[in-house]
Amino acid sequence: MYGQLNDDDSVSLDTVCSLASSKRVFADDYSDMGVPFYRGKEITLKQAGQPIIEPLYIEKEHFTSLKEKYGIPMKGDILITAVGTIGNSYLVRDEEFYFKDGNIIWLKDFKENLNYYVYDFMQTKIFKQMLDGICIGSTQTALTIVALSNLQIKIPDSRLLNEYTKQSMVVRTQIELNTDEISHLYELQAILLAELSR
């Protein structure tokens, strides 16, 4: 496996998962109804458990075609914002959606259930500082798939990782329940505001 967690026990991110982007979806492909379509803004809101106020959609038929040809994010995959606001990540739940190419990097096919460990690491200051060192551009910064793929992260040995994963799942379940409740409260607030503004 990965051995004990020492200072030199680092592996590149692309050795624990695959990194990809989506297939291009054009503004002309947006529709009034259908399957949700997320940009960086929506990923940031979802990470925070906040509702998406003005959602975008693509038609179900288009989504189905993309799903069959290229695949879609699955539960446990990670999406991370890569342009403008860098490094906001979202652990995909049991849901159907598609997302914007270039703005978001898709981490999938994780080895040995490392997705939860990697996601939690992405929430740390250490990870944010690491991103600062690999982003490109001066006017508008961007995170590339190549740079993120080569990012070195530390992985604990399998015993520590299994124990961490068990404990993390208990905490994560509670967080998801709280996030659902918060999201519901935001929706009620939006309904109330809409009623008051009539």
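Owing to the predicted nature of the structure, the values given are computational and were not obtained by experimental measurement.

Asks: Even after reading the chapter, I still don't get the overall build of the protein, so can you show me in this structure?
Replies: In terms of helices and strands, the protein carries six helices and ten strands. Put simply, of all contacts in the protein between residues at least 6 apart along the chain, 74% involve residues at least 24 apart. Total accessible area on the protein stands at roughly 11700 Å², and carbon and sulfur atoms take up 53% of it.

Asks: So what exactly am I meant to see when it comes to the environment of glutamine 47 here?
Replies: Looking at where glutamine 47 falls in the secondary structure, it is placed in helix α1 (residues 40–47). Counting along the chain gives 44 residues from glutamine 47 to leucine 91, while the straight-line C-alpha distance between them is 7.7 Å.

Asks: Help me out: how do you make sense of the packing of aromatic side chains in this one?
Replies: How two aromatic rings sit relative to each other is given by the distance of their centres and the angle of their planes. Under the definition given, this model contains five aromatic pairs. Taken together, a centroid distance of 5.6 Å and an interplanar angle of 40 degrees make the contact between tyrosine 98 and phenylalanine 99 tilted. Phenylalanine 99 sits in the buried class, given a relative accessible area of 0%. Aromatic side chains phenylalanine 121 and phenylalanine 127 sit 5.7 Å apart centroid to centroid with 65 degrees between the ring planes, which places their arrangement in the edge-to-face category.

Asks: Help me understand the pattern of salt bridges, please; the structure alone is not making it clear to me.
Replies: As a working rule, side chains carrying opposite charge can pair if their charged atoms are close by. Taken as a whole, this structure holds five salt bridges when the rule is applied. Glutamate 95 is paired through a salt bridge with lysine 46; the nearest N and O atoms lie 3.3 Å apart. Highlighted residues: glutamate 95 in the loop between β7 (89–91) and β8 (98–99) and lysine 46 in helix α1, separated in sequence by 49 residues. Glutamate 96 is the salt-bridge partner of lysine 67, the closest N and O atoms lying 3.2 Å from each other. Taken as a pair, lysine 67 in helix α2 (residues 60–70) and glutamate 96 in the loop between β7 and β8 lie far apart in primary sequence, 29 residues in all. With a relative accessible area of 38%, lysine 67 lands in the partly exposed category. Among the ionic contacts, a cluster of salt bridges with common partners joins Lys60, Lys67 and Glu96.

Cut-offs used in this document
Residues numbered from 1 in each chain as written. Predicted model: local features only at pLDDT ≥ 70, side-chain atom pairs only at ≥ 80, totals over all residues. Heavy atoms only, no water. Helix = DSSP H or I, 4+ residues; strand = E, 2+ residues; numbered from the N terminus. Contact = heavy atoms within 4.5 Å. Areas by Shrake-Rupley, 256 points an atom, 1.4 Å probe, with all protein chains shown as cover. Phe/Tyr/Trp six-rings, centres within 6.5 Å; stacked < 30°, edge-to-face > 60°. Buried < 20%, exposed > 50% of the residue type's maximum accessible area, 1.4 Å probe, protein only. Salt bridge = Lys/Arg side-chain N within 4 Å of Asp/Glu carboxyl O.

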